[in-house]
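Remarks on the overall topology
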Amino acid sequence: MIGEEKAGRILSPTTGFIAEAGFTHSLTPARNCTFGCTYCYVPTMRLFGGLKPEDWRRWGQFTTFKSNAADLLRRELRVGQRIYCSPLVDPYQPAESGMRMMEAILDAVIENPPRRFVLQTRGPLILRDLDRLRKIPRLRVSFSITTNREDVRRLYEPLCAPIGERLSAMRALREAGIEVYAALSPLLPCDPEELAQMAIEATGRELIGDPLHVRGVKPRGATTREAAWRISARHGFTEWLDGDFQQRVVDRIQVAARRWGTDFETGPGGFGRLAA
Ligand code: SF4
């Protein structure tokens with residue numbers, strides 16, 4: 001189900017992780033995300049994520065676009081802003097293919113480009129807008145790839161594109177001259193070395209990412225949805241939610257990335273590479 005409603009504003013001053021990474025504003029074109037990933041941290045933010053109760057109760061089952069997003073953006077854009085789109089929804093979620101909201105948003109960005117504009121997505125639908133993306137100076141795309149295992153991808157994010165399609169999308173963006181980063185985020189059960197290699201081959205640059213959010217490492221704020229915990233327990237993957245195990249996976253990816261002549265960084269430091 002796809003809804004629309006007018007918003008009061010479209011750019012929000014950043015706080016927390018995104019602010020620490022160096023972004024001044026976030027741009028969220030819709031509420032609720034039809035990718036519906038089982039681990040998504042956004043519904044755990046509830047009101048702090050700008051959500052309504054039906055959003056966190058039925059996460060992924062519908063979305064509400066901000067119908068006046070492009071008009072608001074024309075009024076709110078300033079040249080010094082560093083904008084992250086989006087911490088609360090994937091701008092290329094499945095519902096975007098019919099709504100085509102991003103085309104108008106990108107047109108507004110082309111008219112008045114900010115200091116940095118970053119699109120965070122896992123949707124190959126972004127390639128629809130390649131001609132527009134080429135016109136945006138200081139654009140970066142952060143493309144999520146969470147595992148090298150298709151069976152794991154189907155368990156945790158069944159509505160997202162298969163791994164091969166995501167790698168192809170990253171390569172196409174790179175070939176179009178767009179700065180594209182592979183975001184290993186969140187790190188799902190995988191072969192860490194193989195995941196690092198396929199991501200570096202696709203983008204040709206350093207890796208960023210994060211393990212699944214867990215209370216043992218992150219006592220407050222957004223965290224992993226219950227659905228991903230249930231899947232992990234059912235399939236013997238609970239160690240991927242253990243802080244010490246996660247650190248060992250991160251270490252292995254760092255070693256692998258260095259072998260490939262680059263590196264891997266997590267947390268605000270990693271995502272800060274997008275804002276710089
Ligand atoms: S694509 Fe991002 S915002 Fe959408 S459900 Fe998945 S993790 Fe959440």
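Refer to the preceding data block for the structure.
Per chain, residues are indexed from 1 in the order of the written sequence. Per-residue local features of the predicted model are confined to residues with pLDDT of at least 70, and side-chain atom pairs are confined, for both listing and counting, to 80 or more; whole-chain, interface and lining totals are unaffected and use all residues.

**Section: the overall build of the protein chain**
Along its length, the protein chain carries twelve helices and eleven strands. We compute the radius of gyration from the C-alpha atoms alone; for a globule the expected value is 2.2 Å times N to the 0.38, where N is the number of residues. Here the C-alpha radius of gyration of the protein chain, 18 Å, is about what a compact globule of 276 residues would show, namely 19 Å. Based on the C-alpha atoms only, the size of the protein chain along its principal axes is roughly 50 × 40 × 30 Å. Taken over 276 residues, the protein chain has a buried fraction of 46%. C-beta atoms are first placed from the backbone for all residues, and any pair lying within 7 Å is then listed as a contact. Within the protein chain, contacts between residues at least 6 apart in sequence are counted, and of these 77% link residues at least 24 apart. Each helix is a run of DSSP H or I of at least 4 residues and each strand a run of E of at least 2, with the numbering of both proceeding from the N terminus. Neighbour density around each residue's C-beta defines its exposure: 20 or more other C-beta atoms within 10 Å make it buried, 12 or fewer make it exposed, and counts between make it partly exposed, where C-beta atoms are placed from the backbone.

**Quick notes on the sheet that holds strand β7 (residues 116-121)**
Pairing is mixed across the open sheet formed by eight strands, whose spatial order is β2-β3-β6-β7-β8-β9-β10-β11. Single-partner strands in this sheet number two, and they are β2 (11-13) and β11 (264-266). Between one strand axis and the next, the sheet turns through 25° on average, direction left out of account. Here, a strand pair is defined by DSSP locating no fewer than two bridges between the strands. Sheet topology note: the strand β8 (residues 139-144)/strand β9 (residues 179-187) ladder contains five bridges and is parallel. The residue bridging Val-141 from the neighbouring strand is Val-180, located in β9. Throughout, an axis means a line fitted to C-alpha atoms (over the contacting stretch in the case of helices), and angles, computed between N-to-C directions, take values from 0 to 180 degrees.

**Describing the pairing of strand β5 (residues 63-66)**
Two elements, strand β1 (residues 2-5) and β5, share four bridges in a ladder whose sense is parallel. By the bridge assignment, Glu-5 is partnered in β5 with Lys-66. Pairing of strand β4 (residues 30-31) with β5 involves two bridges; the strand directions are antiparallel. Bridge pairing in β5 places Arg-31 opposite Thr-64.

**Considering unusual backbone geometry**
Across the junction of Cys-85 and Ser-86, the peptide omega takes the value 10°, indicating a cis bond. With respect to the helices and strands, Ser-86 occurs in the loop between β6 (82-85) and α4 (96-99). Omega for the peptide link from Ser-185 to Pro-186 comes to -10°, which places this bond in the cis form. Along the chain, the position of Pro-186 falls in strand β9. Of note, Arg-138 is a non-glycine position whose phi angle comes to about 60°, a positive value. Using a count of 12 C-beta atoms within 10 Å as the deciding quantity, one classes Arg-138 as exposed.

**Comments concerning the environment of Arg-174**
Topologically, Arg-174 is positioned in helix α8 (residues 163-175). The exposure class of Arg-174 is partly exposed, given the 17 C-beta atoms found within 10 Å. Separated by 29 residues in the primary sequence, Arg-174 and Thr-203 have C-alpha atoms spaced 6.4 Å apart. Look past the residues within four positions of Arg-174 in its chain and what remains in contact with it is Val-180, Thr-203 and Gly-204.

**Side note on the packing of α8 against helix α9 (residues 192-203)**
Where α8 contacts α9, the axes come no closer than 8 Å and their chain directions differ by 30°. Taken together, the axis directions place α8 and α9 in an arrangement best described as roughly parallel. Counted together, Leu-167, Met-170, Arg-171 and Arg-174 of α8 and Met-198, Ala-202 and Thr-203 of α9 form the full contact between these two elements. With respect to orientation, any angle under 35 degrees is reported as roughly parallel, any angle over 145 as roughly antiparallel, any angle of 65 to 115 as roughly perpendicular, and every other angle as oblique.

**Describing the sheet that holds β1**
If you trace the three strands from one edge of the open sheet to the other, you get β1-β5-β4, paired in mixed fashion. For this open sheet the edge positions go to β1 and β4, each flanked by a neighbour on one side alone.

**Here we look at the nonpolar core**
Buried Ala, Val, Leu, Ile, Met, Phe, Trp, Tyr and Cys residues whose C-beta atoms connect them within 7 Å together make up a nonpolar core. Within the largest apolar cluster, 74 residues are counted, with the highest numbers of intra-cluster contacts made by Ala-182, Leu-184, Ala-196, Ala-199 and Leu-207. For this core, the element with the most residues is β9, which contributes six residues. Other than its neighbours up to four places away in sequence, Ala-182 contacts Phe-143, Ile-145, Met-170, Ala-199, Ala-202, Thr-203 and Leu-207.

**Considering the environment of Glu-165**
Counting through the fold element by element, Glu-165 comes out in helix α8. C-beta crowding within 10 Å serves as the criterion here: with 13 such atoms nearby, Glu-165 is assigned to the partly exposed category. When the C-alpha positions of Glu-165 and Tyr-92 are compared, they lie 14 Å apart, and in sequence the two are 73 residues distant.

**Side note on the packing of α9 against helix α11 (residues 243-259)**
It is at 9 Å that the axes of α9 and α11 come closest, and there the two elements cross at 45°. Viewed along their axes, α9 and α11 adopt a mutual orientation that is oblique. Between α9 and α11 lies a crossing whose hand is right-handed. Only Val-249, Arg-252, Ile-253, Ala-256 and Ala-257 of α11 make contact with α9, whose side of the interface consists of Pro-192, Glu-193, Ala-196, Gln-197 and Ile-200. Split by residue class, the contact of α9 with α11 holds seven nonpolar, one polar and two charged. By the definition used in this description, the sense in which the near helix is turned from the far one sets the handedness, with an anticlockwise turn below a right angle giving left-handed and a clockwise turn giving right-handed. Note that Gly is not counted as nonpolar here; it falls among the polar residues with everything else outside the nonpolar set of Ala, Val, Leu, Ile, Met, Phe, Trp, Tyr, Cys and Pro and the charged set of Asp, Glu, Lys and Arg.

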